[in-house]
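# Close look at the chain arrangement
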Amino acid sequence: MKEKISFESLCVKEYQRNESTKPHQLPIYATSSFEFESLDQGIDIFTGKETGHSYSRYGNPTVDTVASKLAKMEAFGTDLEPYGFLTSSGMSAISTLMLSTLKQGDKVLTQSNLYGGTTELFNKVLTQLGIEPIFINMKDHDAIQQHIESDTAIKMIYIETPANPTMACIDIKWLAEYANSKNVLTAIDNTFCTPIIQQPLSLGIDFVVHSTTKYINGHGNSIAGIIIGHRTDYHKKIWSTLKLIGSNCNPWDAWLINNGVKTLALRMERHSSNAQTLAEHLESHSKIGTVNYNGLTSHPDHQLAKSQMNNFGGMLSFEIKTGMEGALKFMNKLKFCSLAPTLGDVDTLVLHPATSSHLNVDREIREANGISDGLIRVSVGIESIEDIWNDIEQGL
Ligand SMILES: *Cc1c(COP(=O)(O)O)cnc(C)c1O
């Protein structure tokens, strides 16, 4: 090989590529920047005249491919033209969305049984910026109307349905229609359902966020999130905020999501059927009080869930009648199920909210939200339901 450059330079420079055909699987573009063919092209890309990549915080082929796919899934079957931005975590999807849509003096109307991190984000971070959360019962339509009609500073309604850990549901369609008529933005955390079970954009919601860490990836090997929207008036704002605060997802995590999401349809079907069977077994067990699963006709929101969800998902919780003592004994007896503070993985995960996710929540508030000392939350996996039930039954 006759090289005109020195050996040291040969070490440093990118060598000519060996790609002769299109890769069948999405490659990981582990590059911080992208070369321009010419200065003119660089200028065109920077000014948005030509689409293309320049710097991976602004966009990266692996990350953008996965973001577009997830956005398409959320808007599937609608005429909407969705966009998606993958972020470094579910929390960064929520914070980036809030910073893109709200400003000092604005208020967010939301529920008291949000994901714990989101409640803390609202209380500790957004309040510091002069954005105030108002926590109410989102099932109470009169209360929602009273707040919106008496306080023009409320610029967004933010919800989670079904909500952890009692699977309480909120009427998405009613809320979206009402908020739209009052020019109030709406956003929903759709982590528990994924777009295969619930499609809030089709019901009129403006923005969907996910912790892709959970069901969308499904394999518990990456932390990431996504913001999905369709309103053109916010597209650029969100992208601009994301790139400036640097809450972008990295290509490796995006690639893991891409692997996981390929089996989403199969997984959600199995999560749901396993959870339904488990819920029915639990409901007829003598040591169990309430079982919270949207697929049970005994769940107070069963009809609402049925009207806005295609299936009931893999999340449930149940109450051990013997309270704290019984719950701790049960947790320590489990052998097959894992004790892990996450959800949505392919294997079954069990959590005791009173001593983990809700440890720092006052007992009164906790109990008002249905989280008693004996409550156990299960993220039902896709293993054989016999193995899951045998373990839980021996634990009881
Ligand atoms: C886990 C979770 C989040 C936060 O997501 P991270 O990826 O951990 O940042 C937000 N909302 C819900 C419903 C979650 O379960």
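Cut-offs and rules
- Residues numbered from 1 in each chain as written.
- Predicted model: local features only at pLDDT ≥ 70, side-chain atom pairs only at ≥ 80, totals over all residues.
- Heavy atoms only, no water.
- Helix = DSSP H or I, 4+ residues; strand = E, 2+ residues; numbered from the N terminus.
- Rg over C-alpha atoms; globule rule 2.2 N^0.38 Å.
- Buried < 20%, exposed > 50% of the residue type's maximum accessible area, 1.4 Å probe, protein only.
- Contact = heavy atoms within 4.5 Å.
- Near = heavy atom within 4 Å.
- Polar contact = N/O pair within 3.5 Å; in protein donor to acceptor, adjacent residues only side chain to side chain.
- Areas by Shrake-Rupley, 256 points an atom, 1.4 Å probe, with all protein chains shown as cover.
- Nonpolar A, V, L, I, M, F, W, Y, C, P; charged D, E, K, R; others polar.
- Phe/Tyr/Trp six-rings, centres within 6.5 Å; stacked < 30°, edge-to-face > 60°.
- Pairing = 2+ DSSP bridges.
- Axes fitted to C-alpha atoms, helices over the stretch in contact; angles between N-to-C directions.
- Domains from an automatic or database assignment.
- Buried area = accessible area lost by both parts, 1.4 Å probe.
- Salt bridge = Lys/Arg side-chain N within 4 Å of Asp/Glu carboxyl O.
- Lys, Arg positive; Asp, Glu negative; His and termini not counted.

## Structural notes on the overall build of the protein
A count of helices and strands for the protein gives 14 helices and 12 strands. The C-alpha atoms of the protein give a radius of gyration of 23 Å, which matches the 21 Å a tight globule of 396 residues would have. The C-alpha extent of the protein, read off along each of the three principal axes, is 80 × 55 × 40 Å. The buried share of the protein, reckoned over its 396 residues, is 52%. For the protein, restricting intrachain contacts to residue pairs at least 6 apart in sequence, the fraction spanning at least 24 positions comes to 72%.

## Focus: the site of the ligand
Taken together, the residues surrounding the ligand are Ser89, Gly90, Met91, Tyr115, Asp189, Thr191, Phe192, Ser211, Thr213, Lys214, Ala224 and Leu343. With respect to the ligand, the side chain of Ser211 contributes an N or O atom lying 2.8 Å from an oxygen atom. Thr213 has a polar side-chain atom sitting 2.7 Å from an oxygen atom of the ligand. Within the complex, 93% of the 380 Å² of free accessible area of the ligand lies under protein. Across the shell around the ligand, the residue classes tally to 5 nonpolar, 5 polar and 2 charged.

## Considerations on the packing of aromatic side chains
Within a pair of aromatic rings, the relevant descriptors are the distance that separates the centres and the angle that separates the planes. If you walk through the whole model with that rule in mind, you get 11 aromatic pairs. Ring geometry for Tyr55 against Tyr58: centres 5.8 Å apart, planes inclined by 85 degrees, an arrangement best described as edge-to-face. Taking the relative accessible area as the measure of exposure, Tyr58 reaches 29% and is therefore partly exposed. By way of ring pairs, the aromatic residues Phe36, Phe46, Tyr55, Tyr58 and Trp239 are connected into one cluster.

## Side note on the sheet that holds strand β12 (residues 375-379)
As summarised here, the arrangement of the 5 strands in space is β8-β9-β12-β11-β10, forming an open sheet in which the pairing is mixed. Here the strands that pair on one side only, and so sit at the sheet edges, are β8 (288-292) and β10 (338-339). One ladder, built from 2 bridges, connects β10 with strand β11 (residues 349-351); its direction is parallel. Within β11, the residue paired with Ser338 across the bridge is Leu349. Running at roughly 125 degrees to strand β9 (residues 315-320), helix α12 (residues 323-333) makes contact with β9, β10, β11 and β12 of the sheet.

## Quick word on the environment of His285
Relative to the elements of secondary structure, His285 occurs in the loop between α10 (264-283) and β8. Along the primary structure His285 and Glu393 are separated by 108 residues, whereas in three dimensions their C-alpha atoms are 8.9 Å apart. Sequence-distant contacts of His285, defined by excluding residues within four places in its chain, comprise Trp389 and Leu396.

## Topic: the domain arrangement of the protein
When cut into domains, the protein gives domain 1 (59-261) and domain 2 (264-395). If you average the C-alpha positions of domain 1 and of domain 2, the two centres end up 25 Å apart. Taken residue by residue, the interface counts 33 residues in domain 1 and 34 residues in domain 2. Across the domain 1/domain 2 interface, buried area totals approximately 2,600 Å², and carbon plus sulfur atoms make up 59% of it. Among the residues domain 1 hides against domain 2, the three largest losses belong to Pro165, Ile197 and Tyr215. Together they make up 29% of the total. For the interface between domain 1 and domain 2, the tally reads 1 salt bridge. A salt bridge links Lys139 to Asp301, with the shortest nitrogen-to-oxygen separation between them at 2.8 Å. Put simply, domain 1 and domain 2 have 18 residue pairs in polar contact (both at pLDDT 80 or more) between them. At the level of secondary structure, the elements contributing two or more residues to the side of domain 1 that touches domain 2 comprise α7 (172-181) and α9 (251-261). Here the residues of the side of domain 1 that touches domain 2 are counted per class, giving 16 nonpolar, 13 polar and 4 charged.

## Quick notes on the side chain of Asp253
Considering the arrangement of structural elements, one finds Asp253 in helix α9. Of the side chains bearing the opposite charge, Lys214 lies closest to the buried Asp253, which forms no salt bridge; the N-O distance is 14 Å. When near neighbours in sequence (up to four residues on either side) are disregarded, Asp253 contacts Ser222 and Ile223.

## Some points on unusual backbone geometry
With an omega of -5 degrees, the peptide bond between Thr161 and Pro162 qualifies as cis. Residue Pro165 follows Asn164 across a cis peptide bond; omega there is -10 degrees. Structurally, Pro165 is set in the loop between β4 (154-160) and α7. The phi torsion at Met167 lies on the positive side, around 65 degrees, for a residue other than glycine. Judged by relative accessible area, Met167 falls into the buried class, the value being 1%. For Thr194, which is not a glycine, the phi torsion comes out positive at approximately 65 degrees. As for its position among the elements, Thr194 is in the loop between β5 (185-189) and β6 (207-211). Judged by its relative accessible area of 0%, Thr194 is buried.

## Looking at the pattern of salt bridges
Summed over all chains, the structure comprises 13 salt bridges. The shortest N-O distance in the salt bridge between Asp373 and Arg363 comes to 2.9 Å. One end of the pair, Asp373, is in the loop between α13 (363-368) and β12; the other, Arg363, is in helix α13, and 10 residues separate them in sequence. Asp373 sits in the buried class, given a relative accessible area of 14%. With a relative accessible area of 45%, Arg363 lands in the partly exposed category.

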